[in-house]
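Take a look at the letters that make up each chain.
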Amino acid sequence: MTTDIESKTTMTIPARTSESLWFKLAWIAVPALIIALALGVVTPYWMRQIFLITLLALLVSGLNLSFGWAGELNLGLPAMYAAGAYASGYLYINVVNDTILGLLVGAVVSVIVGVIAGIPGLRLGGWALGISSFFLVLLIPPIL
């Protein structure tokens, strides 16, 4: 025989379907809005602002992934971002004037720098990982 207290503790929480629906729609609506703005009547100034917002949001997402989800202090992400930006800018100015190719080269350079810097930090955690990744921040500006 169950008591009134036991029946209250076994209540289930209903699923929040409306929030998950809005979240799924945002994943479709936000990129569609950015593409529509890019193909629409946006001035070059606002197109640059949208481009910078998306790039910096990607950088912040990486910081959130390493520090927020993994719980590890990684200070080297801005240096990887800087290496990719420098490679993309150098390619854009001196070699070829193609934005997509510049983005791909910047991403590849960032991944290469991240892998080279991440190999020594694989066995580290906490403050040791933070210090070792901060060395990358100190090394990238003189190298570039």
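Everything below is about the structure printed above this text.
Quick summary incoming for the structure in this document. (Residues numbered from 1 in each chain as written. Predicted model: local features only at pLDDT ≥ 70, side-chain atom pairs only at ≥ 80, totals over all residues. Heavy atoms only, no water.)

### Description of helix H6 (residues 127–143)
Okay, step 1: For H6, with 17 residues, the first-to-last C-alpha span of 25 Å sits near the 24 Å given by 1.5 Å per residue.
Okay, step 2: Those residues of H6 lying buried are Leu129, Gly130, Ser133, Leu136 and Ile140. Seen from one end, H6 has its buried residues packed into an arc of 105 degrees, which puts them on one side. Facing away from the buried surface of H6 by more than 90 degrees, the exposed residues are Trp127 and Pro142.
Okay, step 3: For H6, the secondary structure elements touched by its buried residues are helix H4 (77–95) and helix H5 (99–118). (Helix = DSSP H or I, 4+ residues; strand = E, 2+ residues; numbered from the N terminus. Expected span 1.5 Å × (residues − 1). Buried < 20%, exposed > 50% of the residue type's maximum accessible area, 1.4 Å probe, protein only. Arc of directions from axis to C-beta. Contact = heavy atoms within 4.5 Å.)

### Details of the environment of alanine 82
Okay, step 1: Relative to the helices and strands, alanine 82 resides in helix H4.
Okay, step 2: Under the relative-accessibility criterion, alanine 82 is labelled partly exposed at 30%.
Okay, step 3: For the pair alanine 82 and proline 141, spaced 59 residues apart in sequence, the C-alpha to C-alpha distance is 8.5 Å.
Okay, step 4: With sequence-adjacent residues up to four places away left out, alanine 82 is seen in contact with Ile140 and Leu144.

### Focus: the packing of aromatic side chains
Okay, step 1: A complete count under the given rule lists 1 aromatic pair for this structure.
Okay, step 2: Each ring, one from tyrosine 86 and one from tyrosine 90, has its centre 6.5 Å from the other, and the planes form 25 degrees; the classification is stacked. Of this pair, tyrosine 86 and tyrosine 90 are both found in helix H4, 4 residues apart, which corresponds to roughly one turn of the helix.
Okay, step 3: A relative accessible area of 48% places tyrosine 90 in the partly exposed class. (Phe/Tyr/Trp six-rings, centres within 6.5 Å; stacked < 30°, edge-to-face > 60°.)

### Digging into H5
Okay, step 1: Taking 1.5 Å of rise per residue, the 20 residues of H5 would be expected to cover 28 Å, and the 28 Å separating its terminal C-alpha atoms lies within 8% of that figure.
Okay, step 2: Residues of H5 that are buried sit in contact with H4 and H6.

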